[in-house]
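Reading the structure
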Number of protein chains: 4
Amino acid sequence: MNIGFLGLGNMGGPMARNLLKAGHHVTVFDLSAAAVSGLVEAGAKEATSPGAVASADVEAIITMLPAAAHVKQVYLGDGGLLANVPSGVLLIDSSTIDPMSAREVAEAAAKNGNPMLDAPVSGGTIGAAAGTLTFMVGGSEADFQKAQPILAAMGKNIVHCGDTGNGQVAKVANNMLLGISMIGVAEAMSLGVALGMDAKVLAGIINSSSGRCWASEINNPFPGVLENGPASRGYSGGFGTDLMLKDLGLASEAAKQVRQPVILGGLAQQLYQVFSMQGHGGLDFSAIIKLYRQED
Amino acid sequence: MNIGFLGLGNMGGPMARNLLKAGHHVTVFDLSAAAVSGLVEAGAKEATSPGAVASADVEAIITMLPAAAHVKQVYLGDGGLLANVPSGVLLIDSSTIDPMSAREVAEAAAKNGNPMLDAPVSGGTIGAAAGTLTFMVGGSEADFQKAQPILAAMGKNIVHCGDTGNGQVAKVANNMLLGISMIGVAEAMSLGVALGMDAKVLAGIINSSSGRCWASEINNPFPGVLENGPASRGYSGGFGTDLMLKDLGLASEAAKQVRQPVILGGLAQQLYQVFSMQGHGGLDFSAIIKLYRQED
Amino acid sequence: MNIGFLGLGNMGGPMARNLLKAGHHVTVFDLSAAAVSGLVEAGAKEATSPGAVASADVEAIITMLPAAAHVKQVYLGDGGLLANVPSGVLLIDSSTIDPMSAREVAEAAAKNGNPMLDAPVSGGTIGAAAGTLTFMVGGSEADFQKAQPILAAMGKNIVHCGDTGNGQVAKVANNMLLGISMIGVAEAMSLGVALGMDAKVLAGIINSSSGRCWASEINNPFPGVLENGPASRGYSGGFGTDLMLKDLGLASEAAKQVRQPVILGGLAQQLYQVFSMQGHGGLDFSAIIKLYRQED
Amino acid sequence: MNIGFLGLGNMGGPMARNLLKAGHHVTVFDLSAAAVSGLVEAGAKEATSPGAVASADVEAIITMLPAAAHVKQVYLGDGGLLANVPSGVLLIDSSTIDPMSAREVAEAAAKNGNPMLDAPVSGGTIGAAAGTLTFMVGGSEADFQKAQPILAAMGKNIVHCGDTGNGQVAKVANNMLLGISMIGVAEAMSLGVALGMDAKVLAGIINSSSGRCWASEINNPFPGVLENGPASRGYSGGFGTDLMLKDLGLASEAAKQVRQPVILGGLAQQLYQVFSMQGHGGLDFSAIIKLYRQED
């Protein structure tokens, strides 16, 4: 297939490479010349503007951008995708943005005659490189079926979450819960250890009891519990604090728009904001446990 | 074996019955005559005071009491267990109390020449009746080995959590995390549905993603997601709101004693307090989701 | 002076009337014909669009609109103020919006050759009618001096808060603190009464001690403490819960933009969101105490 | 009058001195020999045990102790006050403890034939030395009248708060509100400055608006706003973080006992716990603003 790809950053770059590896023809655009030339070396064609991607005889276009403002600019702006793309071309936005903005852009696409899916991912840069991302997809069943073979070149789990915007809803709801869980695990582990328990024993009990969760089992924040987790290598790598902070901000913003309280979600956002302000924005989000323990 | 048992309430009653079923001789005490006569019909011997249990030629004594004040009274009070029990008799307290009090009583027992274990349970009244409780046990390895066959008559998982008090620590840390997780799931599910997602689809995604936890998988608070869960039968049965509130109070109290912050844990306690004040103390603790949704 | 006025709602209507009473010539615009005709009866001239106000030979234009989206539309949209207003005309926005948006609009105004002030108010509909509003004004000293006689026709305290946007900053910071204080007073009063104190005695002690604040002295939320306060008339009138909720939303949004944690501010927002969801959005914001007390 | 005084620490020492200055005969006891000898030099008589104070022909006894456990020990313990004091002697406990404990001790005193008042203070060590403390007094009107001349030698405001325990209730409710207010001011000031305002201008606006409170006016936490406040001298002196933390702990404990939610109060406690854990327990409680600002 001929596929357009906009946004070749830490996530988008390896995703576009995986499309090339799967045999697709890929036309790329990014503001960074270095990012573009890397992809061109790997076999992609360069386009010099979003509009040029849209005019390049592609069957589908994928975007991977930092925030809703960029998505709106690239899709709705002068010289953007909708102003140049032929009707019928499938549009897939894999950026993580708020559901309302996703729906607004998809509505404009529909008026333009373009089916559109929101398809944010989880799995981080490692999943992007390995082609093992999870895609949470919002849009019609028919469009989801069309997109599946494309997304399968970049990910392992392709989940249909319902209508337009619901891919973003699923991501934002899941990640808000993840942020809360991680802080909860940080508090429970810190409390147990402060009261005299061995951290590994406590983790073992929690993981076979009603406190068990992804954050306690797969990314336990207490140093030494998981030999290969971020907590045992100074919290490097993994899912960054500032990315969690961004997702919690999206969650509380979306909640405000529908007048839905998110009490722990809102508090988790503020605690990650404190932790980021203290200079830890680049650490894995499990490092939030540092708020709860005296520096050794 | 000859075993003493004090505290024949909703939990203690069925636990003592399971000891009888396993062939043990059980001498019981409770302030409620009805509770005692029920056990006597099932084959137990009656004692008229804690001291009388202690003097009844028992090899081990188990207590299952509502709070630390009762435990201190029964063990340390005039006419209590320690004043009457021969040295060497094994003492097992299955009450859920704060770790500091558990250690204080165990220390007094040790001075009296009695090995003592703290062994709080999880599994609720259903687990107590079925003999499938989990015991979280604090004390020496040797004492744990001695207690195991006794506890095995009442439970399925008997976990050694380390030294004296650590059974209570494990329970309080696990249950604090459980309370936080449940509210987190309540918020994530409510948010996703308010933003337009189907509750079952959202639960499915969370349960295969990084938000998954016991509260989302086994006791999802959103009505209709789990056919047989409390949420689908008006939140009856299960683990009561007021019991969760008690455990969160123990957690924040223990945290205060060791000067350990528990920010989400403390907020979860207050939210359960609000919910209990509104008259919902008897509902399953997953009913906290009612705080987040308009009454239908 | 010839003054334009856009936005004739509960606040803007009486404000425009006070300008007329002070002898100014006022040209008005609102989407509601009824609102416009009321002002025309009082002596105002009608304009049929924002652009028409801008072209009506006015020396200053005041806007009083519900949210940032409306402000941007009215100032920056096609047919809006900036596209039609002659350079030099003084622009005053009295809407309560986030500081970033206020600065964005003021910058566009400056490029257009128009001095602009942000001048949000406090004092509510009663203050608007009585001409006793407080104006918190952001912009240059010179522009502030020019605006003062105009604002003095509508308010009693005209405070210069510094450069552009700082009027909004002052309002959002003050009102976030007010929301926190009100909940704090609600908790302290509820706690004291639950522990056995008389509410009036407790309020008296707080008001002469270090807990005293505007919320305890002027708008004590406990029924019966202040004879003429909202709490003693079923929480009718006053500053509505949904307005407080809006301001707390502006505060947390502005905080996010500058990466500033506001932990209690964020929690206050969520608690007001819960209270609004329960159907109390129209009550005075002191009614939040209902979250803390069983219904009588 | 002949007065007994137990507890000669940072507060009790200067309070006992003021009784001597006012011409009373004072018999003192403290575990610290140095504290006792200081008072003896100032004219006091030494007693070698609480019971000895009680037997020393005194008309009233004042206690100033760190926590409820000490109060119970001194009043109710073997060789304590109640076991030795003649009936009719007036007992005044100025310690800050939870209201339930205060009522428990007062009840025991009543059975012993001794009128008892709880009379915790505010005003800190400076107020203790200057004799300008505020006493919040719980007990009968008649006993309050008897105590007033004694307390007047040590304080300026002597407030009757109602029946037994209500002195403690007033203090705990007021100080919980104070802790919340201080954090609220810290957040509002930090937010305003982060958004571009001058701290003094912002403080001035808040102090003439609805956000004003003791914490913003008298002990503004932002450095430089008040020339002589703790914030302008590195947060030395004043009311210590660990004392605020203690009072917030008493508030949430008392709230738990009466099943009263204190959501912001509980969160304030946890935030002060974080701040104390970071090593700031000795700073004035306004230093909590450091949680909200990057170290300069």
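An unreviewed UniProt entry lists chain A under the name 3-hydroxyisobutyrate dehydrogenase, from Stutzerimonas zhaodongensis. The Pathway (unreviewed entry) comment attached to chain A in UniProt states, word for word, "Amino-acid degradation; L-valine degradation." In the Sequence similarities (unreviewed entry) part of its UniProt record, chain A is described as follows: "Belongs to the HIBADH-related family."

Residue and element names in this part refer to chain A. We note that the domain assignment places domain 1 (2–162) and domain 2 (168–292) within chain A. Distance between the C-alpha centres of domain 1 and domain 2: 29 Å. Each partner contributes to the roughly 1,100 Å² buried at the junction of domain 1 and domain 2, and carbon and sulfur atoms together form 63% of this total. Counting the surface domain 1 buries against domain 2, the share from its top three residues, Thr96, Pro99 and Met100, is 42%. Counting every contact that joins domain 1 to domain 2 gives seven residue pairs in polar contact (both at pLDDT 80 or more). Take the side of domain 1 that touches domain 2: its biggest share by element is four residues, from helix α5 (residues 99–111).

Once chain D has been moved 0.0 Å along the axis and rotated by 180 degrees, it coincides with chain C to within an RMSD of 0.0 Å. Taken together, the turn and the small shift mark the pair as related by a two-fold rotation axis. Within chain D, the C-alpha atom positioned nearest to the axis of rotation is that of Cys213 of chain D, 2.0 Å from it. The overlap is high: 100% of the interface residues of chain D also sit at the interface in chain C, so the same surface is used on both sides.

Our next topic: the interface of chain D and chain C. Listed per partner, the contact involves 56 residues of chain D and 56 residues of chain C. At the boundary of chain D with chain C, total buried surface from both sides reaches about 4,700 Å², with 71% on carbon and sulfur atoms. Joining chain D to chain C, the criterion identifies two salt bridges. Its salt-bridge partner being Arg212 of chain C, residue Glu217 of chain D comes within 2.7 Å of it at the nearest N-O pair. Linking chain D with chain C are 18 residue pairs in polar contact (both at pLDDT 80 or more). At the level of secondary structure, the elements contributing two or more residues to the side of chain D that touches chain C comprise α5 (99–111), β9 (155–160), α8 (166–194), α9 (199–207), α10 (214–217), α11 (241–257) and α12 (263–280) of chain D.

With that settled, the discussion passes to the relation of the copies chain B and chain D. Superposing chain B onto chain D requires a rotation of 180 degrees together with a translation of 0.0 Å along the rotation axis, leaving an RMSD of 0.0 Å. The residues that chain B uses at the interface reappear at the interface of chain D in 100% of cases, marking a shared surface.

What follows covers the packing of helix α8 (residues 166–194) of chain B against helix α9 (residues 199–207) of chain B. All names here are of chain B. As a packed pair, α8 and α9 sit with axes 10 Å apart at the nearest point and diverge in direction by 130 degrees. Regarding the angle of α8 to α9, the classification is oblique. Relative to α9, the crossing made by α8 is right-handed. Between α8 and α9, the residues in contact are Ala188, Met189, Gly192 and Val193 and Ala199, Leu202, Ala203 and Ile206, respectively. The residue makeup of the contact of α8 with α9, split by class, is seven nonpolar, one polar and no charged.

Residue and element names in this part refer to chain C. Read across the sheet, six strands follow the order β3-β2-β1-β4-β5-β6 without closing on themselves; strand pairing throughout is parallel. Edge positions in the open sheet fall to β3 (45–46) and β6 (116–118), since each of these has one partner strand only. Its contacts with the sheet put helix α7 (residues 141–152) on β1 (2–6), β4 (60–63), β5 (90–93) and β6, and the angle it makes with β5 is roughly 65 degrees.

This paragraph deals with the UniProt feature "domain: 3-hydroxyisobutyrate dehydrogenase-like NAD-binding" (unreviewed entry) in chain A. Per the UniProt annotation, the sites labelled "domain: 3-hydroxyisobutyrate dehydrogenase-like NAD-binding" (unreviewed entry) are residues 165–292 of chain A. Spanning residues 165–292 of chain A, this segment combines 60% helix with 0% strand, and its end C-alpha atoms are found 36 Å apart.

Our next topic: the interface of chain B and chain D. Taken together, the 19 residues of chain B in the interface contact 19 residues of chain D. Summed over both partners, the interface of chain B with chain D buries about 1,500 Å², with 58% contributed by carbon and sulfur atoms. For the chain B face of the interface with chain D, the top three residues by lost area are Arg259, Gln270 and Gln273 of chain B, together amounting to 35%. Connecting chain B to chain D are two salt bridges. In this structure, Asp242 of chain D engages Arg259 of chain B in a salt bridge whose closest nitrogen and oxygen atoms are separated by 3.1 Å. Between chain B and chain D we count 10 residue pairs in polar contact (both at pLDDT 80 or more) in total. Looking at the side of chain B that touches chain D, the elements with two or more residues in it are α11 (241–257) and α12 (263–280) of chain B.

Attention now moves to empty space enclosed by the protein. Applying the stated criterion across every chain, the model contains 10 cavities of 30 Å³ or more. Volume-wise, the largest cavity comes out at about 200 Å³. Lining the largest cavity are 18 residues; nearest its centre among them are Ser252, Gln269 and Gln270 of chain A together with Ser252 and Gln269 of chain C. Those elements that place two or more of their residues in the lining of the largest cavity are α11 (241–257) and α12 (263–280) of chain A together with α11 (241–257) and α12 (263–280) of chain C. No other element matches α11 of chain C, which puts five residues into the lining of the largest cavity. Taken together, the residues that form the lining of the largest cavity break down as two nonpolar, 12 polar and four charged. Estimated volume of the second largest cavity: approximately 130 Å³.

Right, let's get into the sheet that holds strand β6 (residues 116–118) of chain D. Residue and element names in this part refer to chain D. Pairing within the open sheet is parallel, and its six strands lie in the order β3-β2-β1-β4-β5-β6. Sheet topology places β3 (45–46) and β6 at the edges, where each strand pairs with a single neighbour. Looking at chain direction, strand β1 (residues 2–6) and strand β4 (residues 60–63) are connected through four bridges and run parallel. By the bridge assignment, Leu6 is partnered in β4 with Thr63. Strands in contact with helix α4 (residues 68–76) are β1, β4, β5 (90–93) and β6; relative to β5, the strand with the most contacts, it is inclined by about 165 degrees.

Let us now look at the pairing of strand β1 (residues 2–6) of chain B. Residues and elements named next belong to chain B. Among the five residues in β1, four count as buried, and that is most of the element. Looking at chain direction, β1 and strand β2 (residues 25–29) are connected through five bridges and run parallel. Paired with Phe5 across the strands is Val28, a residue of β2. In the classification by handedness, the crossover that spans β1, the intervening helix α1 (residues 12–21) and the parallel β2 is right-handed.

All names here are of chain C. Across all of its chains, the model carries four aromatic pairs over all chains by this definition. With a centroid separation of 5.6 Å and an interplanar angle of 75 degrees, the aromatic rings of Phe239 and Phe285 are classed as edge-to-face. Placement of Phe239 in the loop between α10 (214–217) and α11 and of Phe285 in the segment after α12 is noted, with a sequence separation of 46 residues between them. By relative accessible area, Phe239 is classed as partly exposed at 24%. On the basis of relative accessibility, which here comes to 1%, the residue Phe285 falls in the buried class.

Turning our eyes to something else, we now look at the environment of Met182 of chain A. All names here are of chain A. Position of Met182 relative to the elements: it lies in helix α8 (residues 166–194). A relative accessible area of 0% places Met182 in the buried class. Excluding anything up to four places from it in sequence, Met182 contacts Ala215, Asn219, Pro221, Tyr272, Phe285, Ser286 and Ile288.

Parameters at a glance
Residues numbered from 1 in each chain as written. Chains lettered and ligands numbered in written order. Predicted model: local features only at pLDDT ≥ 70, side-chain atom pairs only at ≥ 80, totals over all residues. Heavy atoms only, no water. UniProt positions renumbered as here; feature names shortened; annotations may be inferred. Domains from an automatic or database assignment. Buried area = accessible area lost by both parts, 1.4 Å probe. Polar contact = N/O pair within 3.5 Å; in protein donor to acceptor, adjacent residues only side chain to side chain. Helix = DSSP H or I, 4+ residues; strand = E, 2+ residues; numbered from the N terminus. Least-squares fit on C-alpha atoms with pLDDT ≥ 70 in both. Contact = heavy atoms within 4.5 Å. Salt bridge = Lys/Arg side-chain N within 4 Å of Asp/Glu carboxyl O. Axes fitted to C-alpha atoms, helices over the stretch in contact; angles between N-to-C directions. Parallel < 35°, antiparallel > 145°, perpendicular 65-115°, else oblique. Left-handed = near helix turned anticlockwise from the far one by under 90°. Nonpolar A, V, L, I, M, F, W, Y, C, P; charged D, E, K, R; others polar. Pairing = 2+ DSSP bridges. 1 Å grid on protein atoms, 1.4 Å probe; cavity = no way out; pocket = protein on both sides within 12 Å on 5 of 7 lines; lining within 4 Å. Points joined across faces, edges and corners; volume = space filled by probe spheres on them. Buried < 20%, exposed > 50% of the residue type's maximum accessible area, 1.4 Å probe, protein only. Right-handed = clockwise from strand over helix to strand, strands pointing away. Phe/Tyr/Trp six-rings, centres within 6.5 Å; stacked < 30°, edge-to-face > 60°.

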